[in-house]
Amino acid sequence: MNFTKMEGCGNDYIYVDCLAGLSFDPAAASVALSPRHFAVGADGLICICHSDVADARMRMFNADGSEGAMCGNGIRCVAQWLYEHGLAQDEVKVETRAGIKALRRMGDGLWQVEMGKASFSPGDLPATGFGDGPAIQKELMVGGRAWPVTCVSVGNPHCVTRVADVAGVDLAKIGPGFEHHMAFPEGVNTEFIQVLGPDRLKMRVWERGSGETLACGTGASASVAACVAEGLCRPDQDVRVDLLGGSLTIRVGSDWRVLMTGPARTAFTGTANI
C-alpha cells in the first residue's frame, strides 16, 4: 500500500489514495500502522475517497481502529493532498461523516476550514446527566474530583475544562476517565485549556481512540466555542490556540459558526505491507 504521511500542527495521519476504491480494511490498517517505533507511526489513518457530492470524501480512523466523524487537522491535510495531486484550486469541498466541509487556501500550506456550527446540546454529542439545557459550565466527577466542563459538538464530541496550568495535568492518568465516562455513551475528546486572555489559549487534548496527541483542530474549535459561551472570549474575533505541535487560529461567529485556519504539510511518502 502506497501512503503519504502528513501532519497539521503535529497531528499526523497516514493518508491513502482511495479515489479509485477501497481495496483493504482501513480499520485494521490503522491499528497495524499507527504504533510509533514499531510501524509508520501516526495518530491514525485517513482514506481519501471518491465523492458524488464534493471534491473528495474523507474517512478517518483513529489509532485503535475506530472511525471518527471529523478531524480538523486531518481535513486540512486532505485539501493539501488534493492540491498536490492534481486539484490545484484554492477552494475545495470535502465530504465527511459530519457533513460537507468547505476549505479555502490562505497561503502555501495554509488552509481555512468552515467547521460548521458548534452545539452545546447534550443530544448532539451525545451526553447524558447534564439536563435538558445547553451543557455549559457544568460539573463532572472524574478521578474523585469535580471538574468544571462545557460540552461541545463540532461534528464530533468534546468536553472542555479549564485548568490553571495545562503543563501540570497528568493526561495519561486523567484522560481515560473522561473518555470512557458514563456521561458520554460514545466516548468523548477532552480539552484541558489555560486561558491566557480573550484572544489566546493554551490547550492539551486527550483524543477519543488515540490518547494524547500534539494537536486537535476540532478540539481547538470546541475550546474557543466553550470560551465564547462562558464569556471568556469574544465572538467574531480571532483566537490563537497554542497546542503542543503548533498554533491554530479559531474564529467563532455570533451564530456559532466556526472557522479554523492552520497549516498542512507532507512529511514523506512510502510503501507499507498490510
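Structure's up top.
Engineer: Which parts of the structure should I look at to understand the side chain of His-181?
Structural biologist: Relative to the helices and strands, His-181 resides in the loop between helix H3 (171–179) and strand S12 (189–197). Engagement of the side chain of His-181 in a polar contact is seen with the backbone nitrogen of Ala-183, the distance being 2.9 Å. With residues up to four places along the chain from it excluded, the contact list for His-181 reads Leu-140, Met-141 and Val-142.

Engineer: Explain the nonpolar core to me, please; I cannot follow it from the model alone.
Structural biologist: Met-58, Val-152 and Ile-250 are the most contacted members of the largest nonpolar core, which totals 51 residues. The residues contacting Ile-250, other than those within four sequence positions of it, are Ala-220, Ser-221, Val-224, Gln-237, Asp-238, Val-239, Val-241, Val-258, Leu-259 and Met-260. Core analysis: the second largest hydrophobic core is formed by 21 residues, Phe-130, Leu-140, Cys-151 and Val-169 among them.

Engineer: Is there a simple way to explain the side chain of Thr-261 in this structure?
Structural biologist: For Thr-261, the position within the fold is in strand S17 (residues 257–263). Thr-261 sits in the buried class, given a relative accessible area of 16%. A distance of 3.3 Å separates a polar atom in the side chain of Thr-261 from a polar atom in the side chain of Gln-112. Beyond its immediate sequence surroundings of up to four residues, Thr-261 is in contact with Met-106, Leu-110, Trp-111, Gln-112, Leu-248 and Thr-249.

Engineer: Please explain unusual backbone geometry as it appears in this structure.
Structural biologist: Keep in mind that most residues, glycine aside, have a negative phi and that most peptide bonds are trans. With an omega of 0°, the peptide bond between Leu-125 and Pro-126 qualifies as cis. Looking at the secondary structure, you find Pro-126 in the loop between strand S8 (110–117) and strand S9 (138–142). At His-37, a position not held by glycine, the phi torsion is positive, near 80°. If you trace the backbone, His-37 turns up in the loop between helix H1 (26–33) and strand S3 (44–49). By relative accessible area, which is 82% here, His-37 ends up exposed.

Engineer: What's the story with the pairing of strand S2 (residues 11–18) in this structure? I'm lost.
Structural biologist: Walk down a regular strand and you will see the side chains alternate between the two sheet faces. Within S2, seven of the eight residues are buried, which leaves the element mostly enclosed by the surrounding structure. Note that strand S1 (residues 2–8) and S2 share five bridges and pair antiparallel. Paired with Gly-8 across the bridge in S2 is Asn-11. Between the antiparallel neighbours S1 and S2 lie two residues, among them Cys-9 with a positive phi of about 60°. With five bridges connecting them, S2 and S3 associate as parallel partners. Within S3, the position partnered with Cys-18 by the bridge is Cys-49. After leaving S2, the chain enters H1 and then returns to the sheet as S3, a path that is right-handed.

Engineer: Would you mind showing me how to read helix H4 (residues 217–229) here?
Structural biologist: The periodicity of an α-helix, 3.6 residues per turn, causes residues three or four positions apart to be oriented the same way. Here H4 is 13 residues long and its end C-alpha atoms lie 18 Å apart, about the 18 Å a rise of 1.5 Å per residue gives. When you tally the buried positions in H4, you get 12 out of 13 residues, the bulk of the element. Of all the positions in H4, only Gly-217, Thr-218, Gly-219, Ala-220, Ser-221, Ala-222, Ser-223, Val-224, Ala-225, Ala-226, Cys-227 and Val-228 are classed as buried. Just beyond H4, the residue with positive phi is Gly-231, at close to 80°.

Engineer: Help me understand the packing of aromatic side chains in this model?
Structural biologist: Any aromatic ring pair is given by two values, namely how distant the centres are and how the planes are angled relative to each other. A full pass over the atoms with the stated rule returns eight aromatic pairs. Centroid distance Phe-3 to Phe-268: 6.1 Å. Interplanar angle 80°. Geometry classified as edge-to-face. With Phe-3 in strand S1 and Phe-268 in strand S18 (residues 265–271), this pair connects stretches of sequence that are 265 residues apart. By relative accessible area, which is 38% here, Phe-268 ends up partly exposed. Taking 6.2 Å as the distance between ring centres and 75° as the angle between the ring planes, the aromatic pair formed by Tyr-83 and Trp-111 counts as edge-to-face. In this pair, Tyr-83 is assigned in helix H2 (residues 72–84) and Trp-111 in strand S8, connecting sequence segments 28 residues apart.

Engineer: How should the pairing of strand S10 (residues 145–153) be read in this particular structure?
Structural biologist: Sheet topology note: the S9/S10 ladder contains five bridges and is antiparallel. For Glu-139, the partnering residue across the bridge sits in S10 and is Pro-148. Hairpin connection between S9 and S10: a loop of two residues separates the two successive antiparallel strands, and Gly-143 in this loop has a positive phi of roughly 60°. Direction of pairing for S10 relative to strand S11 (residues 157–162): antiparallel, over a ladder of five bridges. The residue bridging Val-152 from the neighbouring strand is His-158, located in S11. The hairpin formed by S10 and S11 contains three residues between the paired strands, and Gly-155 there has a positive phi angle of roughly 95°.

Analysis parameters
- Residue numbering note: each chain is counted from 1, following its sequence as written.
- Per-residue local features are limited, in this predicted model, to residues with pLDDT of at least 70; the limit for side-chain atom pairs, both in listing and counting, is 80 or more; totals at the level of whole chains, interfaces and linings are taken over all residues.
- Water and hydrogen atoms play no part in the side-chain values, which are based on all heavy atoms of the structure.
- Every helix listed is a DSSP run of H or I at least four residues long, and every strand listed is a run of E at least two residues long, numbered separately from the N terminus.
- Residues adjacent in sequence count toward polar contacts only when both atoms are side-chain atoms; beyond that, a polar contact is any pair of N or O atoms within 3.5 Å, and within protein one must be able to donate a hydrogen and the other to accept it.
- Any pair of residues with heavy atoms lying within 4.5 Å of one another is described as a contacting pair.
- As used here, the term nonpolar core means buried Ala, Val, Leu, Ile, Met, Phe, Trp, Tyr and Cys residues forming a set that is joined through side-chain atoms within 4.5 Å.
- Type-normalised accessible area, obtained with a 1.4 Å probe on protein chains alone, sets the label of each residue: buried when under 20%, exposed when over 50%, and partly exposed for intermediate values.
- Here, strands pair whenever DSSP counts at least two bridges between them.
- When the strands point away from the viewer and the path from the first strand over the helix to the second turns clockwise, the crossover is right-handed.
- One less than the residue count of a helix, multiplied by 1.5 Å, gives the span that helix is expected to have.
- Only centres within 6.5 Å qualify two rings of Phe, Tyr or Trp (six-membered ring in Trp) as a pair; their planes then separate them into stacked at under 30 degrees, edge-to-face at over 60, and tilted for everything else.

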